[in-house]
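A structural walkthrough
Listed below are the residues making up each chain.
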Amino acid sequence: MYRLRNFNPVNNINYVPRFECEDIEILSYSQKDDGMEPEIYQGQQVFVLKRNYIFNEKDIYLILCPYGESIRRLKMVSDESVQLVASNRKCNNEIFLIDDIQILGKVKVS
């Protein structure tokens, strides 16, 4: 595994996701890639619970990672790293340092 370079950490106070709104706890979000097919198709609308969820490796999350927002499952690899797991077998499961990602919310398929 490697540490990402030339990347502002997601806990940077200057970063604001384009859908950020503190008073809303459930958001609608459109899947941008085919990484979670056949569970969630590209362009499909899902709901994102921003608060009051319990982390579980079987659940799906909206994650902010170095290359943007992504919907994936999360699997803990070590105390310092996490794997973004895609349902689509054609997609790679990427590993990031925990400090380099941020969970934006838990995904519920509509």
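Owing to the predicted nature of the structure, the values given are computational and were not obtained by experimental measurement.

Another aspect to go through is the sheet that holds strand S3 (residues 60-65). Taken together, seven strands build an open sheet; the order of strands is S1-S2-S7-S3-S4-S5-S6 and the sheet is antiparallel. Looking at the sheet topology across the chains shown, the edges are occupied by strand S1 (26-30) and strand S6 (94-97). Across the sheet, the mean angle separating the axes of adjacent strands is 45° when strand polarity is ignored.

Within the fold, serine 70 resides in strand S4 (residues 68-76). The class for serine 70 is buried, based on a relative accessible area of 3%. Discounting chain neighbours no more than four positions away, the residues touching serine 70 are Asp33, Tyr61, Leu62, Ile63 and Cys65.

In the structure shown here, the tally under the stated rule is four salt bridges. The residue arginine 72 makes a salt bridge to aspartate 33 at a minimum N-O spacing of 3.0 Å. You can see arginine 72 sitting in strand S4 and its partner aspartate 33 sitting in the loop between S1 and strand S2 (45-49), a full 39 residues away along the chain. In this structure, the salt-bridge partner of lysine 106 is aspartate 59, at a minimum N-O distance of 3.1 Å. In this pair, lysine 106 is assigned in strand S7 (residues 102-109) and aspartate 59 in the loop between S2 and S3, connecting sequence segments 47 residues apart. Aspartate 59 carries the same exposure label as lysine 106, and that label is buried.

Each value, and the rule that gives it
- Residues numbered from 1 in each chain as written.
- Predicted model: local features only at pLDDT ≥ 70, side-chain atom pairs only at ≥ 80, totals over all residues.
- Heavy atoms only, no water.
- Pairing = 2+ DSSP bridges.
- Helix = DSSP H or I, 4+ residues; strand = E, 2+ residues; numbered from the N terminus.
- Axes fitted to C-alpha atoms, helices over the stretch in contact; angles between N-to-C directions.
- Buried < 20%, exposed > 50% of the residue type's maximum accessible area, 1.4 Å probe, protein only.
- Contact = heavy atoms within 4.5 Å.
- Salt bridge = Lys/Arg side-chain N within 4 Å of Asp/Glu carboxyl O.

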